[in-house]
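Read off the chains here:
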Amino acid sequence: MKRQTWHWLMVMVLSVTFVPVGAQDNTGDCSRFALNPDSAWSDFKSELEEGGIPLDLWGGMVNGEGVQLEDYGITPEELNAFFEAKRDSLDNLLDKNPLKPYIDRALSIMGSYGLGEGDIAPLLAVRDNVSALFEALGARGLSADRADAFLSQIAPLVREASDKGLLKYGAVGELDAELKKVNGSLTPEFLRQFWGNLDEFAQLMLANDEDPEAVAALMARLNNFKESSKVTDRLLRNFDIESEKARLEKYGVPSTALKELVGENKTPDDVAGCLEQMGLVDAALLKGLFGGLDDLSLDDLNAFYADEMAEFLALSGLSPDDLSALYSMDEDELRAFLAENYDSAYADWLLSRLLDADFFALGKLGELDENVGALALDSLDELDDSDLNALYGDFFAAQALSELADLDDEAFAALFNDPEAFDAWFNDAFGDFFAGDDNGDDSNSDQSGGGDDQSGGGDDQSGGGDQSGGGDDDE
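Everything numeric here is computed off the predicted structure, so don't read it as measured data.

## What about the overall build of the protein?
Then comes step 1: Broken down by element type, the protein carries 24 helices and zero strands.
Then comes step 2: The buried share of the protein, taken over its 475 residues, is 51%.
Then comes step 3: The long-range share in the protein, meaning contacts at least 24 apart out of those at least 6 apart in sequence, stands at 72%.

This is the structure we're talking about:
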């Protein structure tokens, strides 16, 4: 078996943390959540059965129980051969990075253009500055026509990740890449516990006999991430929650069920009991897989949802009252209202967010916690210019790439080869949005958006339309 296959297995096994089992039943009523039968676990379970690997053996491995292969009539060679043959399925099942599906799809595209995994972090770093992205692609040998073809294929992935609110974790992806340079088993989830004391993390790495020069280089990068606020404790916490949601979804568990699975009184048996009520019949066998939930609290979850709502309100320009009014409509009424009051690109984006399962939960705040709404308003007040710049930057980067992908070859080449022409195009497409920026006329000097005009704006090209939530009032 190659090292990479064992890497994912070891990360999973070593991350398991058990909490002493309490006598009280704390599973709640989880039967109202419908399990998705078409899941990564369902597929892998079939592969285990076809490969003659008993479920009990797999359960013992993921629970770190020190199984004896001879008890199952399996030799190490047979097990290694199975893992080697099922490497892709295994990696897909065990990797809970919410960006992984997009990275995998991006890598399949990038290979056709001479780009590889090492190019992901550098390109992510300039995702909110399209002119810098042009430079990065040119530096990697892509001509205008090949860059056009590449971005046309990549744009839908960026759009989808942006619409799901995942682009902001690009910085965590960059950080993860830096961690992997020192030790392939390091994760942002592990680093988070040391984020308040990076010196302690460095000492731990050195005590683990990691290369001192590599550790020094890593610490320089981590401190840069921290001092620039590119990565914050809040971002790492929310990434942890998105990761646990992604892991649950691999087992067919809807992400909206997460609130039933976290809390300081939830034991592994409670979690397994809840999952079994949903229909995950193997939950007790696999309960070690869900050890990461032990590190989350309801306060973490409420803060996560509050942050998500605050960012959505800031980006959409909607007020809480606007949002409540929209959620009072059924889907057909909502579609008709958005189509009438917003330009099509913005209406499509807004509809996708409002109909997203998690955002529906946000709209029905009473189902989460009565304090989430107040927390969301507090979080909205706490968003500073740098937060808003990053937030708007992700949205407009996705919108800009979508619009670039729609240009013909000649028009794209003109922008790719002429920075001044690109600046003019960008300002024409998004200039109205930047009109409220106190930083003056050089609105393209920071294409990540922001400024003090949080109400949105822009013309039809920007996808922003009237983002104030007031329909025709601003026209």
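We are not done yet, so read on.
## Some thoughts on the pattern of salt bridges
Then comes step 1: Under the definition given, this model contains 24 salt bridges.
Then comes step 2: With its nearest N and O atoms 2.7 Å apart, the salt bridge here joins Arg32 to Glu260. Residue Arg32 is found in the loop between α1 (3-14) and α2 (40-50), and its partner Glu260 is found in the loop between α14 (233-250) and α15 (268-278); the two are separated by 228 residues along the sequence.
Then comes step 3: In this structure, Lys230 and Glu174 form a salt bridge, with 3.0 Å as the shortest nitrogen-oxygen distance. One end of the pair, Lys230, is in the loop between α13 (212-227) and α14; the other, Glu174, is in helix α10 (residues 170-182), with 56 residues separating them in the sequence.
Then comes step 4: Judged by relative accessible area, Lys230 falls into the partly exposed class, the value being 34%.
Then comes step 5: Residue class for Glu174 comes out buried when judged on its relative accessible area of 3%.
Then comes step 6: Among the charged side chains, a salt-bridge network with shared partners connects Lys96, Glu189, Glu244 and Arg247.

## Focus on the state of the cysteines
Then comes step 1: Under the definition given, this model contains one disulfide.
Then comes step 2: In this model, Cys30 is linked to Cys274 through a disulfide, with the two sulfur atoms separated by 1.9 Å. Judged by the torsion about the S-S bond (-105°), the Cys30/Cys274 disulfide is left-handed. Highlighted residues: Cys30 in the loop between α1 and α2 and Cys274 in helix α15, separated in sequence by 244 residues. Comparing Cys30 with Cys274, the two get one shared label, buried.

## With respect to the confidence of the model for the protein
Then comes step 1: Averaged over every residue, the pLDDT of the protein is 79; residues scoring 70 or more account for 81%.
Then comes step 2: Considering only residues more than four positions removed or in separate chains, one finds that residues 1-25, a stretch of pLDDT under 50, has 48 contacts.
Then comes step 3: Confidence drops under pLDDT 50 across residues 434-475; counting only partners more than four residues distant or on other chains, this segment forms 103 contacts.

## Some words on the packing of aromatic side chains
Then comes step 1: Within the structure shown, the criterion is met by 18 aromatic pairs.
Then comes step 2: Ring plane angle 65° and centroid distance 5.4 Å describe the contact between Tyr113 and Phe150, whose orientation is recorded as edge-to-face. Pair noted here: Tyr113 is in the loop between α6 (100-110) and α7 (120-125) and Phe150 is in helix α9 (residues 144-163), with a separation of 37 residues, a long-range link.
Then comes step 3: Here Tyr113 falls in the buried class, since its relative accessible area comes to 10%.
Then comes step 4: An aromatic cluster is defined as three or more aromatic residues linked by ring pairs; in this entry it consists of Phe134, Phe412, Phe416, Phe422, Trp425 and Phe426.

## Side note on the packing of helix α8 (residues 130-139) against α9
Then comes step 1: It is at 10 Å that the axes of α8 and α9 come closest, and there the two elements cross at 120°. If you check the angle between α8 and α9, you find them oblique. In terms of crossing hand, the pair formed by α8 and α9 is right-handed. Contacts between α8 and α9 involve Leu133, Phe134 and Leu137 from the first element and Ala147, Phe150 and Leu151 from the second.
Then comes step 2: Per-class residue counts for the contact of α8 with α9 are six nonpolar, no polar and no charged.

## Side note on the environment of Val182
Then comes step 1: Tracing the backbone through its elements, the reader meets Val182 in helix α10.
Then comes step 2: Since its relative accessible area comes to 14%, Val182 is described here as buried.
Then comes step 3: Distance in space between the C-alpha atoms of Val182 and Glu210 is 7.0 Å, their sequence separation being 28 residues.
Then comes step 4: Setting aside chain neighbours within four positions, we find Val182 in contact with Glu210, Ala214, Val215 and Leu218.

## With respect to helix α4 (residues 76-85)
Each full turn of the α-helix corresponds to 3.6 residues, which orients residues three or four apart in the same direction.
Then comes step 1: Those residues of α4 that fall on the buried side of the exposure criterion are Leu79, Phe82 and Phe83. Within α4, the buried residues cover an arc of 95° as seen down the axis, which keeps them to one side. Turned more than 90 degrees off the buried face of α4, the exposed positions are Glu77 and Ala85.

## A look at helix α21 (residues 372-382)
Then comes step 1: Of the positions making up α21, those classed as buried are Val372, Gly373, Ala376 and Ser379. Along the axis of α21, the buried positions cluster into a sector of 120°, meaning they face one direction only. Of the residues in α21, the exposed ones pointing more than 90 degrees away from the buried face are Asp381 and Glu382.
Then comes step 2: Residues of α21 that are buried in the fold lie against α14 and α16 (298-316).

Rules behind the numbers
All residue numbers refer to positions counted from 1 along the written sequence of the respective chain. Totals for whole chains, interfaces and linings use every residue, but because this is a predicted model, local features are given only for residues with pLDDT of at least 70 and side-chain atom pairs only at 80 or more, for both listing and counting. Computation of side-chain values covers all heavy atoms of the structure but excludes hydrogens and water. Helix and strand definitions follow DSSP, with helices as H or I runs of at least four residues and strands as E runs of at least two, each counted in order from the N terminus. Relative accessible area decides the class of each residue, using a 1.4 Å probe on protein chains only: under 20% of the type maximum gives buried, over 50% gives exposed, and in between gives partly exposed. Whether two residues are in contact is decided by their heavy atoms: any pair within 4.5 Å suffices. The term salt bridge refers to a pairing of a side-chain nitrogen on Lys or Arg with a carboxyl oxygen on Asp or Glu at a separation within 4 Å. Disulfides are defined as cysteine sulfur pairs within 2.5 Å. pLDDT gives the predictor's per-residue confidence on a scale running from 0 to 100. In this analysis, rings of Phe, Tyr and Trp, with Trp reduced to its six-membered ring, are considered paired at centre separations within 6.5 Å, and the interplanar angle assigns stacked below 30 degrees, edge-to-face beyond 60, and tilted for intermediate values. Axis definition: a line fitted to C-alpha atoms, limited for helices to the stretch in contact. Angles are taken between N-to-C directions and run from 0 to 180 degrees. Should an angle fall under 35 degrees it is called roughly parallel, over 145 degrees roughly antiparallel, and 65 to 115 degrees roughly perpendicular, with every other angle called oblique. If you view the pair so one helix is near and one far, a crossing is left-handed when the near helix is turned anticlockwise from the far one by less than a right angle, and right-handed when it is turned clockwise. Throughout this entry, Asp, Glu, Lys and Arg are counted as charged residues, while Ala, Val, Leu, Ile, Met, Phe, Trp, Tyr, Cys and Pro are counted as nonpolar. The remaining residues, Gly among them, count as polar. The arc under discussion is defined with respect to the helix axis, by the directions toward the C-beta atoms.

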